[in-house]
Amino acid sequence: QVQLVESGGGLVQPGGSLRLSCAASGTIFSRYAMGWYRQAPGKQRDLVAAISSGGTTNYADSVKGRFTISRDNAKNTVYLQMNSLKPEDTAVYYCNAERQLEDGIEDYWGQGTQVTVSS
């Protein structure tokens, strides 16, 4: 069983920065692609950023140039550095771990951390 624990959310003013962390346990972290998703009230959960086991990254268009995803396999942790935050970035942010198996996809979710961007 894989456990994912997010931290680093909070209240920040527009233009500010936050760094989210997601610590994984119970598995070989380096085997998984990791992603950050977010869900605002009344909206679906959307991908924000992802990083493959090999380090390839991709981002939602709305966060390109402002957010950076990274991973530290020695610490079993994935990060999301968020700069130039906007009110529309307000959401619950979830960490995801995913691995392709022969017969399907194995994935896990964290409990989420609230990010609120407001003056």
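These figures come from a predicted structure and were not determined experimentally. (Residues numbered from 1 in each chain as written. Predicted model: local features only at pLDDT ≥ 70, side-chain atom pairs only at ≥ 80, totals over all residues. Heavy atoms only, no water.)

1. Observations concerning the packing of aromatic side chains
Now for step 1: Under the counting rule described, the total for this entry stands at two aromatic pairs.
Now for step 2: Ring geometry for Tyr37 and Trp109: centres 4.9 Å apart, planes at 65°, overall edge-to-face. Of this pair, Tyr37 sits in strand S4 (residues 33–39) while Trp109 sits in strand S10 (residues 104–109), and the two are 72 residues apart along the sequence.
Now for step 3: When its relative accessible area of 35% is taken as the criterion, Trp109 is described as partly exposed.
Now for step 4: Its end group placed over the ring of Tyr94, Arg45 keeps NZ or CZ at 3.6 Å from the ring centre.
Now for step 5: Directly above the ring of Trp109 sits Arg45, whose terminal nitrogen or CZ lies 4.7 Å from the centroid. (Phe/Tyr/Trp six-rings, centres within 6.5 Å; stacked < 30°, edge-to-face > 60°. Helix = DSSP H or I, 4+ residues; strand = E, 2+ residues; numbered from the N terminus. Buried < 20%, exposed > 50% of the residue type's maximum accessible area, 1.4 Å probe, protein only. Lys NZ or Arg CZ within 6 Å of the ring centre and 35° of its normal.)

2. Re the state of the cysteines
Now for step 1: For the coordinates displayed, the defined rule picks out one disulfide.
Now for step 2: Each sulfur of the disulfide joining Cys22 and Cys95 lies 2.1 Å from the other. Taking the sign of the torsion about the S-S bond as the criterion, the disulfide between Cys22 and Cys95, at about -80°, is left-handed. In this pair, Cys22 sits in strand S3 (residues 18–25) while Cys95 sits in strand S9 (residues 91–101), placing the two residues 73 residues apart along the sequence. (Disulfide = S-S within 2.5 Å.)

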